[in-house]
Amino acid sequence: MIDIVHNAVAGRARYKVKGLYRRPSCKEYIERTLSLRQGIESVSANILTGNVLVLFDPHYNPRLILTLLHHTVAEYLKTVPKASERAGPADRLERKAPAAAARRGERAKTKRRLKASEEPLSHQQLEAPPWHAMTREAVVARLKATPEHGLSAEAVQKNLKKFGLNIVPEPSARSSVGIFIDQFKSLPVGLLGIAAGLSIISGGVADAIAILAVVGINAVIGFATESKAESTINSLKTLVRPSAVVKREGTIEEIPAEEVLVGDILILKPGTYVTADARLLENNHLSVDESVLTGESMPVTKSAATLPRADMALSDRTNMMYAGTLVTGGQGAALVTATGRYTEMGKVTFLVAEAVSPETPVERELKKTGNQLVVISSAICGLVFLIGLLRGSPLIEVLKTSISLAVAAVPEGLPAVATTTLALGINCLRRNQVLVRDLDAVCTLGSVQTVCLDKTGTVTLNRMSVVRVSCGMRSIAVSDGRFTRDRKEVNPYTSDDLLRVIHACVLCNETEVESENGRHVLRGSPTENALVQMAVSSGVDVGQLREQYPRLETNYRTESRLYMSTYHKGNNGGLIAVKGSPLEILAKCTEQLRDGTRVPLTDDERDWVESQNEQMAADALRVLGVAYAVMGASDSIGEETGLIWLGLVGMADPIREGVQDSIKALHKAGLETVLITGDQSATAYAVGRELDLNNGKVLQILDSSHLNGADPELVQALSRDVNVFSKVSPSHKLQIVQALQGGGKIVAMTGDGINDGPALKAADVGIAMGVAGTDVAREVADVVLEKDDLETLIIAVSQGRTIYNNIRKTIHFLLSTNLSEILLMTVAGGLGLGYPLNPMQLLWINLVSDIFPGLALALESPEPDVLSRPPRDPQEPILKKRDLKRLGFEAATITLSSLAAYVYGIVKYGRTPAARTMAFQTLTVSQILHALSCRSETHTVFEREALPPNRYLSIATIGSLGLQFIVQVTPALRRLLGLTRLGPIDGIVTAGTALVPLFINEFTKKAPRGDRP
């Protein structure tokens, strides 16, 4: 029920809404929905008083607003049952159910309804109009926007209050309490609890206390390691804070993405990371990569035209821009219609906001392995239980032993091995200046088979400098601001052809020139900076020239238009300056400037220009064509035709020091290298040949313009043997990466530029340069190299392989040692020798020999030959058949050695605590020493300098052996574990039998692989 409280003031009314009390979601729905109604200036709802204050057009009748409010509340109430089907976070205020509803058993029902009703509302529930089906004028009117000037300061504050910051809620991190409680939510801990309960029933209170103490110690250690891992994983957030360029109060400004508001005008150009949903108002050859949202692999060409239907699919809404997408070409302007969680991307993100973080493939495989081990171990422990009963052992004793064996046999830390090792590996990579943003990327680094190298900024320094200019049918060398031809200096001010080239390069250019401490500072792309630097060095006043020819419009390079043009106001009409692909611009030219005079461009002169272009490219120069045109006073801005050719500009970009060595290292590691560049084929071939990309074989190069419209299967076939791709556009890069992936390759893509964004996202591992890289590249990449060199990439690949290997080493250690315990108990019981270990001893072994050595193995440094091995097959399971065979052999050696010590004790002392003590000490010490053997599958601990030192493992081994010694010499601990003192001879026998498995397992590593057990 809704009543009018006050409406005496025109354009202002207050209403009482029953059901609004302490309902934040209802408040939010009313404010957002009514605010979009034409004629309503603002809406403010109060959840404590239940009042709604509405400011509206004075010509409106308050009764009309009352009707709208009735309709809005009715629509809100319809959403409550729907929302109740989904789980969502509960608001504290709404958790307090009214006392009346709490009676007669309604409390739980009311809480569920209130909990669901506070869920953030979807875009559809907010009844957002179909912006794509509305005309530009209607969208502008609906949002009360001013495209010419953008939001005013007053409107910014108003919209900020109304719509909030442009932020999508992130999943909440696990709390410390939650992590600690999770340590007790496992099958092994449950079995330990049963064992403790049985101990109390059978009168073994001390045993129960000891078991619970072991559970507590395990929980504390697990809590410490998982907290650290969780902290590391939670730090894998966006490494850069994206920004947006908007128009506000008539000026263009760059603001943080979270400050973008509904009603803002987004300025779009190549490389723009779209930060909110928006309706396109202006469009000039705009293309957008929407693969992150729609799955469409190729960039989408946009249009500002109104679409005919409201129910069109998201991918067909060509006049809409969506948050999270990337502008790959052209330019435009768009009006923001939704921000934060109300964007299409925000809705998808919110659906999983409360979901558990997805497991990595390694974690899923380990969980599966752990579950299989539980089944197998349970079956074996059931067999032990039956053997004990058949041998006449007491029921309670046999049951406790079987349960303790099951707990000891199943490595409860197995599922956490991957998370912990990955987290430790991420910290190690950070120390090596490699920032990882995704857990999957860590292991994927180790299985990369092909590395796609973006030339500029990755292979080269991205420090362009003009070294040659061809104009007026003459070639001019450039060095340190000096121009020479035939060893004679050329003055730009006496060579009209050269001066026009320099002027065009300055005008068709977005580099800003600032003065700091008496020197010029250039702020722009390396290519455009090089052109302006040439002008500054030659004495051209860049600022004065740009004032003389103010820019009217800019047309950026696009996928189908490989040049940039700018329109300028001149004294008599206007001027067009053009730079870009030499051959494409040359084809649009009908005249040339020669000795300051416009003359027709003949076929012979075109051939000469093309030969000059090929020669520069063959010298590994990046070549740009430069042209201009004069606009009459009546001419309109349009397509550039009838241009006047000015010349060619060749720029050098030195190859980074050490790149050749890094390429060799990648080849040695079994990785294929592919160069991807927008340069011409001759330039790309020269660079590829210098880098020896094909490892001494014939270099294969492909002009990517041939990929336009090609069948994906054809592209995949062409990509199989190509080492260099030239004339590459952003969509081509995406095609190439996807073609390589389609051929079964695990692909890493390196890049630093705006146009690398789509390919970086599509690659199995996107690797961005952290110093020279753009925000867009860092935003979409999985890995960021803080040092812009390939040597850091080699380190990343090495660490990726090492991290995966360390996971395997830890698993191998845990499974082989735990299997030895099962075998010892099963074999001894089956032979009628009784059980060598009691429940407390099994728990102690699990505590001392598993945890610390296992964690230490996760911190192993790369083995010396880790980069001499081929990349692993990503389809290969983490435990292969030969691994199972090997760990079975190792477990058998530990079992037989421990059994020998036990039999020796029985022969000497009978079935007494002395015999069990010898078995216990032999088994525990041999398991601890086995961690040393698990450091490598091929290298032994006896090889000097074969493996890098691992001080963590040394500390863990010495510490664990020390604990064993303390247990043996401390009477109280001996009594607790059921041990007895050992004489010198017994000690020697125990130590000897404990060392035997280490020697056997190490020496068998040197056997031929086919003969290796």
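(A) Representation of the sheet that holds strand E29 (residues 724-726) within the structure. Spatially, the eight strands line up as an open sheet ordered E12-E32-E31-E30-E13-E27-E29-E28, and their pairing is mixed. Where the open sheet ends on each side, the last strands, each with one partner, are strand E12 (434-436) and strand E28 (701-703). On average, each strand axis in the sheet is tilted by 20° relative to the strand beside it, whichever way the strands run. Looking at chain direction, E28 and E29 are connected through three bridges and run parallel. Bridged to Ile701 within E29 is Val724.

(B) Main features of a nonpolar patch on the surface. Together, Val941, Phe942, Leu995, Phe999 and Phe1003 line one region of the surface with nonpolar side chains, adding up to about 440 Å² of accessible area. Assignment of secondary structure puts Phe999 in helix H35 (residues 984-1003).

(C) How the structure looks around the pattern of salt bridges. The final tally for this structure, using the stated rule, is 32 salt bridges. For Arg869, the salt bridge identified is with Glu863, shortest N-O distance 2.8 Å. A relative accessible area of 8% places Glu863 in the buried class. Lys908 is the salt-bridge partner of Asp986, the closest N and O atoms lying 3.0 Å from each other.

(D) Structural detail: a negative patch on the surface. A contiguous patch of negative charge on the surface is contributed by Asp603, Asp604, Asp607, Glu610 and Glu614. Its place among the elements puts Asp607 in helix H22 (residues 603-618).

(E) Examining helix H31 (residues 881-909) more closely. The terminal C-alpha atoms of H31, which comprises 29 residues, lie 41 Å apart, in line with the 42 Å expected from a rise of 1.5 Å per residue. Gly910 sits one or two positions beyond H31 and adopts a positive phi of about 80°.

(F) Main features of the packing of aromatic side chains. Going through the model one piece at a time under the given rule, you end up with three aromatic pairs. Centroid distance Phe942 to Phe999: 5.4 Å. Interplanar angle 15°. Geometry classified as stacked. Separated by 57 residues along the polypeptide, Phe942 in the loop between helix H32 (913-933) and helix H33 (951-969) and Phe999 in helix H35 bring together distant segments of the chain. We classify Phe942 as partly exposed; its relative accessible area is 39%. Plain terms: the ring middles of Phe942 and Phe1003 are 5.9 Å apart, the flat faces sit at 25° to each other, and that makes the pair stacked. Taken together, the residues span a long stretch of sequence, with Phe942 in the loop between H32 and H33 and Phe1003 in helix H35 at a distance of 61 residues. Its relative accessible area of 56% is what places Phe1003 among the exposed residues. By way of ring pairs, the aromatic residues Phe942, Phe999 and Phe1003 are connected into one cluster.

Criteria and cut-off values
Residues numbered from 1 in each chain as written. Predicted model: local features only at pLDDT ≥ 70, side-chain atom pairs only at ≥ 80, totals over all residues. Heavy atoms only, no water. Pairing = 2+ DSSP bridges. Helix = DSSP H or I, 4+ residues; strand = E, 2+ residues; numbered from the N terminus. Axes fitted to C-alpha atoms, helices over the stretch in contact; angles between N-to-C directions. Patch = residues over 30% accessible without salt bridge, like charges linked within 9 Å, V, L, I, M, F, W, Y side chains within 5 Å. Areas by Shrake-Rupley, 256 points an atom, 1.4 Å probe, with all protein chains shown as cover. Salt bridge = Lys/Arg side-chain N within 4 Å of Asp/Glu carboxyl O. Buried < 20%, exposed > 50% of the residue type's maximum accessible area, 1.4 Å probe, protein only. Lys, Arg positive; Asp, Glu negative; His and termini not counted. Charge placed at Lys NZ, Arg CZ, Asp CG, Glu CD. Expected span 1.5 Å × (residues − 1). Phe/Tyr/Trp six-rings, centres within 6.5 Å; stacked < 30°, edge-to-face > 60°.

Remember, this is a structural readout, not a statement about activity or role.
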